[in-house]
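Architecture at a glance
Each chain is listed here by its residues.
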Amino acid sequence: MIRIQNLWRRYGSNDILKGLNLEAKKGEILVILGRSGVGKSVLLRHIIGIEKPDSGTIEVNGVTITDLKKNQIYRAVKDMGMLFQGAALFDSMNIEENTAFYLKQHGDLVTRKRLSPEVIKEKVKNALAMVGLEGTEEKMPSDLSGGMRKRAGLARLIVYRPSILLYDEPTTGLDPITSQQINELIVKTQDELKGTSIVVTHDIDSALYIADRLALHQDGQITHVAEPEAFLNIDDPVINFLRENLKHNHRKAK
Ligand SMILES: Nc1ncnc2c1ncn2[C@@H]1O[C@H](COP(=O)(O)OP(=O)(O)OP(=O)(O)O)[C@@H](O)[C@H]1O
Ligand SMILES: [Mg+2]
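For clarity, every value in this text was computed on a predicted model and none was experimentally measured.

Around ligand 1, a shell composed of Tyr 11, Ile 16, Gly 34, Ser 36, Gly 37, Val 38, Gly 39, Lys 40, Ser 41, Val 42 and Gln 85 is seen. A total of three residues in the shell around ligand 1 trace back to one element, the largest contributor, which is helix α1 (residues 40-47). Grouping the constituent residues of the shell around ligand 1 by class yields four nonpolar, six polar and one charged.

On to the nonpolar core. By size, the foremost hydrophobic cluster in this structure holds 63 residues, and its most contacted members are Val 31, Ala 155 and Leu 166. Examining the composition of this core, we find that eight residues originate from one element, helix α5 (residues 146-160), more than from any other. Filtering out sequence-adjacent residues up to four positions away, Leu 166 remains in contact with Leu 44, Ile 47, Ile 48, Met 80, Met 82 and Ile 198.

Attention shifts here to α5. In a regular helix each residue adds 1.5 Å, so 15 residues correspond to 21 Å; α5 covers 22 Å between its end C-alpha atoms and thus fits that length. Burial within α5 is extensive, with 13 of its 15 residues counted as buried. Trailing α5 by a residue or two, Arg 161 shows a phi angle of about 55°, which is positive.

Turning next to the sheet that holds strand β2 (residues 14-24). What the four strands build is an open sheet, ordered β2-β1-β4-β5; its pairing is antiparallel. The two strands at the open ends of the sheet, each matched to only one other strand, are β2 and β5 (63-64). With eight bridges connecting them, strand β1 (residues 2-11) and β2 associate as antiparallel partners. Residue Arg 9 lies in a different strand from β2, and its bridge partner there is Leu 17.

For sheets, the rule is that strands pair by backbone hydrogen bonds, running either parallel or antiparallel. Judged by pairing direction, the sheet is mixed, and its six strands sit side by side in the order β6-β7-β8-β3-β9-β10 without closing on themselves. Edge strands, defined here as strands with exactly one partner in the open sheet, are β6 (80-83) and β10 (221-226). Strand-to-strand, the axes of this sheet are offset by a mean angle of 20°, without reference to chain direction. In this structure, strand β9 (residues 213-218) lies alongside β10, joined through five bridges in antiparallel fashion. Across the sheet, the residue bridging to Leu 216 is His 224, located in β10.

Most of strand β7 (residues 164-168) sits out of view: five of its five residues are buried. Here β7 shows no split at all, with Ile 164, Leu 166 and Asp 168 on one side and Leu 165 and Tyr 167 on the other all buried. Taken together, the four bridges between β6 and β7 define a ladder with parallel strand orientation. Bridging across to β7, Met 82 finds its partner in Leu 166. Pairing between β7 and strand β8 (residues 196-200): five bridges, direction parallel. Bridge pairing in β8 links Tyr 167 to Val 199. The parallel pair β7 and β8, bridged by helix α6 (residues 176-193), forms a crossover whose chirality is right-handed.

Interhelical geometry of helix α4 (residues 117-130) versus α5 gives an angle of 130° and a closest axis separation of 9 Å. Classified by the interaxial angle, the pair formed by α4 and α5 is oblique. Relative to α5, α4 is oriented so that their crossing is right-handed. Packed against α4, whose contacting residues are Lys 123, Val 124, Ala 127, Leu 128 and Met 130, the element α5 presents Ala 155, Ile 158 and Val 159 at the interface.

Moving on: the packing of α5 against α6. For any two helices packed against each other, one specifies the crossing angle of their axes together with the interaxial distance. Packing of α5 against α6 brings their axes to within 12 Å, and their N-to-C directions diverge by 10°. Accordingly, the angle class assigned to the pair α5 and α6 is roughly parallel. For the pair formed by α5 and α6, the contact residues are Gly 147, Leu 154 and Ile 158 on the first element and Thr 178, Ile 182, Leu 185 and Thr 189 on the second. Among the residues making up the contact of α5 with α6, the classes are represented as four nonpolar, three polar and no charged.

Structurally, the position occupied by Ile 182 is in helix α6. Overall, the presence of 23 C-beta atoms within 10 Å leaves Ile 182 in the buried class. Along the chain, Ile 182 and Val 131 lie 51 residues apart, while their C-alpha atoms are 7.3 Å from each other.

Take the environment of Ile 29 next. Looking at the secondary structure, you find Ile 29 in strand β3 (residues 29-34). For the pair Ile 29 and Lys 123, spaced 94 residues apart in sequence, the C-alpha to C-alpha distance is 24 Å. Look past the residues within four positions of Ile 29 in its chain and what remains in contact with it is Ile 186, Gln 190, Ser 197, Val 199, Ile 210, Ala 211 and Asp 212.

Conventions adopted
Residues numbered from 1 in each chain as written. Chains lettered and ligands numbered in written order. Predicted model: local features only at pLDDT ≥ 70, side-chain atom pairs only at ≥ 80, totals over all residues. Near = placed C-beta within 6 Å. Helix = DSSP H or I, 4+ residues; strand = E, 2+ residues; numbered from the N terminus. Nonpolar A, V, L, I, M, F, W, Y, C, P; charged D, E, K, R; others polar. Core = buried A, V, L, I, M, F, W, Y, C linked by C-beta atoms within 7 Å. Buried ≥ 20, exposed ≤ 12 C-beta atoms within 10 Å, placed from the backbone. Contact = placed C-beta atoms within 7 Å. Expected span 1.5 Å × (residues − 1). Pairing = 2+ DSSP bridges. Axes fitted to C-alpha atoms, helices over the stretch in contact; angles between N-to-C directions. Right-handed = clockwise from strand over helix to strand, strands pointing away. Parallel < 35°, antiparallel > 145°, perpendicular 65-115°, else oblique. Left-handed = near helix turned anticlockwise from the far one by under 90°.

Following this line, the structure appears as structure tokens:
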């Protein structure tokens, strides 16, 4: 469970987060929609503890991480993983090393044991196959297309199996078939781990496929949170636009 209360963050003279409140419950996929530049990536970076707010609190499974020092935050968010917008792979590591990174660093999150190189290799192979990147272990990030890099970032996240998963634009820039595979993978991973997933996206079709609840980020705050059907019925200019631009008549496919 993640509880964000009255979060404020300013860069220079720009207030980006302006008293933002949001809760993500255990067991749900919460999707955050919002226009470009409203601060969605900024919000995720605060949740995973790599940025500190000017004021306000973020509680993760009962621990107020915004009260913690840097090294304590690192421990508190061990069970959290993020797919960064633009994938953020390590350029000097090949795809196998990139995918294995957190596994090597933290071992098995449940048993807290270190994993043998053979086990890691097998897990990495399976994760790459799940995102359609089988056989790319030896390739360097620069050898891959943008969409492939994004999928490698996703493999690195799901192989690690954290119980809180943050995804920043997981399907942006991917073709529709790959996007749908990623949507299915997000839902499958969530069902297996029974944790909490927060997904930031522009893609309303993807959002409606994966979301248990939808939130709208506008002008530094979360202005609406609701289940998909109720969300689409909210009378708000952004939501009206999204509703009018739906590609499909969705039913939640879970
Ligand atoms: N480290 C930083 N220093 C200064 N300004 C920043 C920093 N990080 C973010 N910003 C500003 O905060 C605002 C929100 O950025 P953010 O990346 O969160 O937007 P976003 O909602 O994720 O947009 P997009 O949908 O395009 O990814 C932008 O105006 C950005 O320039
Ligand atoms: Mg962003």
